[in-house]
Amino acid sequence: MKKGQPTHWEVCHLTQKGILICSALDLGGASTQITYVPTEVPPSPYFYNLTLGGVHYPLYTYSFLGYGQDQARAAKDNYLVNEAVHCGSKVRDGCRPTGYTLLLNSTHNETIHILGKSSYELCQSEISHIFPAQCSNCSIGQVYQPPLHGNFMAFSAYYYPIE
């Protein structure tokens, strides 16, 4: 742990029985997971009843297959390739740094040049195509999710952008 970073004691909270509870985000290459104690009991199949120290915790937990770091990047790149096929062989990528160039092949064996632009607004627009509009109590892919609650510890591939 580096100086100035919060410790798990600062991020998590103690229950009345002195049990340390942390909400968790886990970002892998092919999927991402979330687990936390919501303010309302979630319906099946999102519910997991954890008993710890004689205390029952109704957890919300879900694994979003296809929304890990590598799979989400591949989905966004596929979107950009499809855009380039309709608009020419070059397309700007707001999520990549200016000066970065990536060459990909379309399904028609056309070479596509993806050019980094470093644009928050463009990146947000591109990402909205792989994360469709959400309902009021849904998260990624229209999956039910109760309101977020508590502080979260993020690990696995979350380490790299933070580092």
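Residues numbered from 1 in each chain as written. Predicted model: local features only at pLDDT ≥ 70, side-chain atom pairs only at ≥ 80, totals over all residues. Heavy atoms only, no water.

J.: Explanation requested: the environment of serine 125 in the structure shown.
T.: With respect to the helices, strands and loops of the structure, serine 125 is situated in helix α3 (residues 120-128). Judged by its relative accessible area of 38%, serine 125 falls in the partly exposed class. Considering only alpha carbons, one finds serine 125 and cysteine 95, 30 residues apart in sequence, at a separation of 9.9 Å. (Helix = DSSP H or I, 4+ residues; strand = E, 2+ residues; numbered from the N terminus. Buried < 20%, exposed > 50% of the residue type's maximum accessible area, 1.4 Å probe, protein only.)

J.: Got a minute to help me understand the pairing of strand β8 (residues 101-105) in this structure?
T.: For a regular strand, the rule is simple: side chains alternate between the two faces of the sheet. In this sheet, strand β9 (residues 111-116) lies alongside β8 in antiparallel orientation, the contact comprising five bridges. Residue pairing in the sheet places leucine 104 in a bridge with isoleucine 112 of β9. Taking the residues that link successive antiparallel strands as the turn, the β8-β9 hairpin has five residues, and the phi of asparagine 109 there is positive, at about 60°. (Pairing = 2+ DSSP bridges.)

J.: Looking at this model, I keep getting lost on the nonpolar core. Mind explaining?
T.: Here is a general trend for soluble globular proteins: nonpolar side chains tend to be buried in one another's company. Counting eight residues, the largest nonpolar core consists of Ile34, Tyr36, Tyr46, Tyr60, Phe64, Ile140, Val143 and Tyr144. Elements represented by at least two residues in this core include exactly β4 (31-36) and β6 (55-65). When near neighbours in sequence (up to four residues on either side) are disregarded, valine 143 contacts Tyr46, Tyr60, Tyr62, Phe64, Asn137 and Cys138. (Core = buried A, V, L, I, M, F, W, Y, C linked by side-chain atoms within 4.5 Å. Contact = heavy atoms within 4.5 Å.)

J.: Would you mind going over unusual backbone geometry with me for this structure?
T.: Most peptide bonds adopt trans geometry, and most residues besides glycine take a negative phi value. Cis geometry marks the peptide bond from serine 44 to proline 45, where omega comes out at 5°. Among the structural elements, proline 45 can be located in the loop between β4 and β5 (47-52). One non-glycine residue, asparagine 109, adopts positive backbone phi at about 60°. As for its position among the elements, asparagine 109 is in the loop between β8 and β9. Taking relative accessible area as the criterion, asparagine 109 reaches 68% and is therefore assigned exposed. Unlike most non-glycine residues, serine 156 shows phi in positive territory, near 70°. If you trace the backbone, serine 156 turns up in strand β10 (residues 152-156).

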